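In case you want the letters, here they are:
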There are 2 protein chains.
Amino acid sequence: MPTRPGGRTARTRRAVLEATVAELAAHGYGALTVERVATRAGVHKTTLYRRWGGKQGLVAEAVEGFAAGAAEVPDSGRVEEDLRRWARSIVAMLTARDSGAVVRALFSTGETAEIRDLRRRFYRTRSALVVPIVERAVERGELPTGTDAAEVIKQVGAPLYYRFLVIAEPLTPAAADLAADAAVAAARAGVFAG
Amino acid sequence: MPTRPGGRTARTRRAVLEATVAELAAHGYGALTVERVATRAGVHKTTLYRRWGGKQGLVAEAVEGFAAGAAEVPDSGRVEEDLRRWARSIVAMLTARDSGAVVRALFSTGETAEIRDLRRRFYRTRSALVVPIVERAVERGELPTGTDAAEVIKQVGAPLYYRFLVIAEPLTPAAADLAADAAVAAARAGVFAG
């Protein structure tokens, strides 16, 4: 059987990863089993064990796909606008029912080594995608030379995840803009160019 | 029996609330029972039911006491210094074994209405204590008139809780200073004086 992209193997893989994310959203990491994912995807469980080794490998790949798929990477030519769009896409992800449930499954769950690994994958995947927004702004001279791009990206996300996970305050477009504007103002002032 | 402060009733109350926080740190909210707290405090459980009604009332008061007790409210006369000290006290709380475990028990636990109520109590208690730092800075003319003090306080805490709960990055004094400096820079730029 060929494994060309778009072929049957690729379709099966996509269906399995989507089923994994759906199970994570519906029941959380603890209750997720390879069997349940296989049933939801309509695939025999031996296929999943063969390809992903087991639950952890399967969820790791599904979470990375989810993290990348939910991210929009704007490139408007202005850092304020790019970071506002990025902040709004975080808000959209956190407030949509299914994707919000996935984030809760990752972050509002007891600490285990597996969960910590999934959190890191989620965060690294998303951060790597949008760090170029800040790097481009430094190249254009909008932000000081030496600005730590990853810190600026953290600064945009932090107030939004904080609202979602800690203080349970509404995630509005205004909250997104505020998070972006505060990060840009601090970056302009050179706080992240230590 | 008199109920004067420092008397036996006050000592019992303190012992019970401390035992509640210790149980929360050791076993989380789900496993906490009035019986376990009573045993740890060396008090009969009927005393606890009489005074607090049950688990939820008991934990609510204990969490508010914990939130206030762990907070230092600096007043150095300079907003940068005050917010750096506040940020460092957040880092100290999150990195100390027992208090860090309490915060995890509140925030890395599945969502229930009770947990949400406890989170709100924790956050409101702490925010109310330190909002005056920012209000004093506005009065002294260090920050723009109309600055939303609660937003500035959120901005200081957000990157620290984000590191602790989401991205699992080290909580260092440098991270505390960065969180404070970024909040002050954004506030100076008028971002929170919308």
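Residues numbered from 1 in each chain as written. Chains lettered and ligands numbered in written order. Predicted model: local features only at pLDDT ≥ 70, side-chain atom pairs only at ≥ 80, totals over all residues. Heavy atoms only, no water.

Here we look at the side chain of Thr 125 of chain A
Here's step 1: Considering the arrangement of structural elements, one finds Thr 125 of chain A in helix 7 (residues 113-139).
Here's step 2: On the basis of relative accessible area, Thr 125 of chain A is assigned to the buried category, the value being 18%. (Helix = DSSP H or I, 4+ residues; strand = E, 2+ residues; numbered from the N terminus. Buried < 20%, exposed > 50% of the residue type's maximum accessible area, 1.4 Å probe, protein only.)

Examining the interface of chain B and chain A
Here's step 1: The interface of chain B with chain A comprises 29 residues on the first partner and 29 residues on the second.
Here's step 2: At the boundary of chain B with chain A, total buried surface from both sides reaches about 2,800 Å², with 66% on carbon and sulfur atoms.
Here's step 3: Between the two partners, chain B and chain A, sit four salt bridges.
Here's step 4: Across the chain B-chain A interface, the total number found is four residue pairs in polar contact (both at pLDDT 80 or more).
Here's step 5: Looking at the side of chain B that touches chain A, the elements with two or more residues in it are helix 6 (97-107), helix 7 (113-139), helix 8 (149-167) and helix 9 (173-188) of chain B.
Here's step 6: Broken down by element, the residue count for the side of chain B that touches chain A peaks at twelve residues, all from helix 8 of chain B. (Contact = heavy atoms within 4.5 Å. Buried area = accessible area lost by both parts, 1.4 Å probe. Salt bridge = Lys/Arg side-chain N within 4 Å of Asp/Glu carboxyl O. Polar contact = N/O pair within 3.5 Å; in protein donor to acceptor, adjacent residues only side chain to side chain.)

Examining helix 9 (residues 173-188) of chain A
Here's step 1: Here helix 9 of chain A contains 16 residues, and its C-alpha end-to-end distance of 22 Å stays within 8% of the 22 Å for a straight helix at 1.5 Å per residue.
Here's step 2: Among the residues of helix 9 of chain A, Ala 175, Ala 176, Asp 177, Ala 179, Ala 180, Ala 182, Ala 183, Val 184, Ala 185, Ala 186 and Ala 187 of chain A are the ones counted as buried.
Here's step 3: Packing partners of the buried residues in helix 9 of chain A comprise helix 5 (79-95) and helix 8 (149-167) of chain A together with helix 8 and helix 9 of chain B.
Here's step 4: Directly after helix 9 of chain A, the chain includes Gly 190 of chain A, whose backbone phi takes a positive value near 90°. (Expected span 1.5 Å × (residues − 1).)

Digging into the relation of the copies chain B and chain A
Here's step 1: Once chain B is rotated about the relating axis by 180° and shifted along it by 0.0 Å, it coincides with chain A to within an RMSD of 0.0 Å. Each copy turns onto its partner about a two-fold axis. Nearest to the rotation axis, the C-alpha of Ser 108 of chain B is located 2.2 Å from it, this being the minimum over chain B.
Here's step 2: Both copies present the same face, since 100% of the interface residues in chain B are matched by interface residues at the equivalent positions in chain A. (Least-squares fit on C-alpha atoms with pLDDT ≥ 70 in both.)

Examining the packing of aromatic side chains
Here's step 1: Throughout the structure, instances matching the rule amount to ten aromatic pairs over all chains.
Here's step 2: Judged by centre distance (6.2 Å) and plane angle (25°), the ring pair of Phe 66 of chain B and Phe 122 of chain B falls under stacked. Taken as a pair, Phe 66 of chain B in helix 4 (residues 55-69) and Phe 122 of chain B in helix 7 lie far apart in primary sequence, 56 residues in all.
Here's step 3: Assessed through its relative accessible area of 12%, Phe 66 of chain B is described here as buried.
Here's step 4: On the numbers, 5.7 Å between centres and 65° between planes, the contact of Phe 107 of chain B with Phe 122 of chain B is edge-to-face. Of the two residues, Phe 107 of chain B is situated in helix 6 and Phe 122 of chain B in helix 7; the sequence distance between them amounts to 15 residues.
Here's step 5: For Phe 107 of chain B, a relative accessible area of 1% corresponds to the buried category.
Here's step 6: Of the residues examined, Phe 122 of chain B reaches a relative accessible area of 2% and is grouped as buried.
Here's step 7: Taken together, the ring pairs in this structure connect Phe 66, Phe 107, Phe 122, Tyr 123 and Tyr 161 of chain A together with Tyr 162 of chain B into an aromatic cluster. (Phe/Tyr/Trp six-rings, centres within 6.5 Å; stacked < 30°, edge-to-face > 60°.)

Looking at the domain arrangement of chain A
All names here are of chain A.
Here's step 1: When its domains are assigned, chain A resolves into domain 1 (8-66) and domain 2 (70-188).
Here's step 2: The centre of domain 1, based on its C-alpha atoms, is set 26 Å off from the matching centre of domain 2.
Here's step 3: Interface area for domain 1 against domain 2, summed over the two sides, is near 1,300 Å², with a carbon-plus-sulfur share of 72%.
Here's step 4: Of all residues in domain 1, Tyr 29, Glu 64 and Phe 66 give up the largest surface area on contact with domain 2, accounting jointly for 50% of the area buried on that side.
Here's step 5: Taken together, domain 1 and domain 2 are joined by one salt bridge.
Here's step 6: Two residues, Arg 121 and Glu 64, come together in a salt bridge whose shortest N-O distance is 2.9 Å.
Here's step 7: The interface formed by domain 1 and domain 2 includes two residue pairs in polar contact (both at pLDDT 80 or more).
Here's step 8: For the side of domain 1 that touches domain 2, the secondary-structure elements that each account for two or more residues are helix 1 (8-31) and helix 4 (55-69).
Here's step 9: For the side of domain 1 that touches domain 2, the residue count by class is eight nonpolar, two polar and one charged. (Domains from an automatic or database assignment. Nonpolar A, V, L, I, M, F, W, Y, C, P; charged D, E, K, R; others polar.)

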